[in-house]
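Summary of the model geometry
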Amino acid sequence: MSDCIFCKIISGDIQSVKVYEDAEFTAFLDINPVQPGHTLVVPKAHFARFDDTPSEVIAKLYQVVHKVAPAVAKAVDAEGFNASLNNGLAAGQEVFHTHVHIIPRYIKDGLVAWPRYMGENKLEQVGQKIRAALKEVVAK
Ligand code: 5GP
Ligand code: ZN
């Protein structure tokens, strides 16, 4: 995709600090890191969002994350990491080329990732709706 920042990074038109590369995936440091070592793992093929990326690509993408994340953590002496993915504007996705963030974490880093929902949970109703939606998705 000609106007995609990550495609330009993959092609080398935009400079980045690459930490991993194979035939189908690459990983490079986030230009505006949450913590030093914050790494983005991307498929070389352009897919805008997680939900339009083929499942085989997602499976391989997470195999790369599984390999790269411990190395990131080791390199910056992290005590843990978040491996997360933003799907869609509402979820905070800014670059529409599927990618996984690897964010090094420390017990006392003070980052608060997820404030909890304060409304009524409705676990049973929501669970029933998700099971019904899954049947439709699987039937496709
Ligand atoms: P998103 O919000 O889409 O999940 O995350 C996009 C990430 O890409 C952000 O954390 C942002 O800092 C990073 N980013 C945006 N433009 C560039 C760039 O040109 N180079 C690099 N290395 N990272 C970028
Ligand atoms: Zn792209």
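See the structure printed just above.
A short tour of the structure in this document, coming up.

About the cut-offs
Sequence order as written defines the numbering, with residues in each chain counted from 1. Each chain gets a letter, beginning with A, and each ligand a number, beginning with 1, in the order they are written. Given that the model is predicted, a residue must reach a pLDDT of at least 70 before its local features are reported, and side-chain atom pairs must reach 80 or more before they are shown or counted; all residues, however, enter totals for whole chains, interfaces and linings. Water and hydrogen atoms were dropped before computing side-chain values, which therefore reflect all heavy atoms in the structure. We treat two strands as partners when DSSP finds at least two bridges between them. In this description a helix means any DSSP run of H or I spanning at least four residues, a strand means any run of E spanning at least two, and both kinds are numbered starting from the N terminus. Every angle, taken between N-to-C directions, lies between 0 and 180 degrees, and every axis is a line fitted to C-alpha atoms, over only the stretch in contact when it is a helix. Burial here depends on accessible area, computed with a 1.4 Å probe over protein chains only, as a share of the maximum for the residue type. Under 20% is buried, over 50% is exposed, and the range in between is partly exposed.

1. A word on the sheet that holds strand E4 (residues 80-84)
An order of E1-E2-E3-E5-E4 is seen for the five strands of this open sheet, with the pairing classed as antiparallel. Since the sheet does not close on itself, it has two edges, and those belong to strand E1 (18-21) and E4, each with one partner. Within this sheet the neighbouring strands show an average axis-to-axis angle of 20°, counted without direction. Relative to strand E2 (residues 25-29), E1 runs antiparallel, the two sharing three bridges. When the bridges of E2 are listed, Glu21 appears paired with Thr26.

2. What to know about unusual backbone geometry
Of note, the phi angle at Asp77 is positive, near 55°, even though the residue is not glycine. For Asp77, the location among the structural elements is in the loop between helix H2 (55-75) and E4. A residue is classified by how much of its surface remains accessible, and Asp77, at 63% relative accessible area, is exposed. Unusually for a residue other than glycine, Lys122 sits at a positive phi of about 50°.

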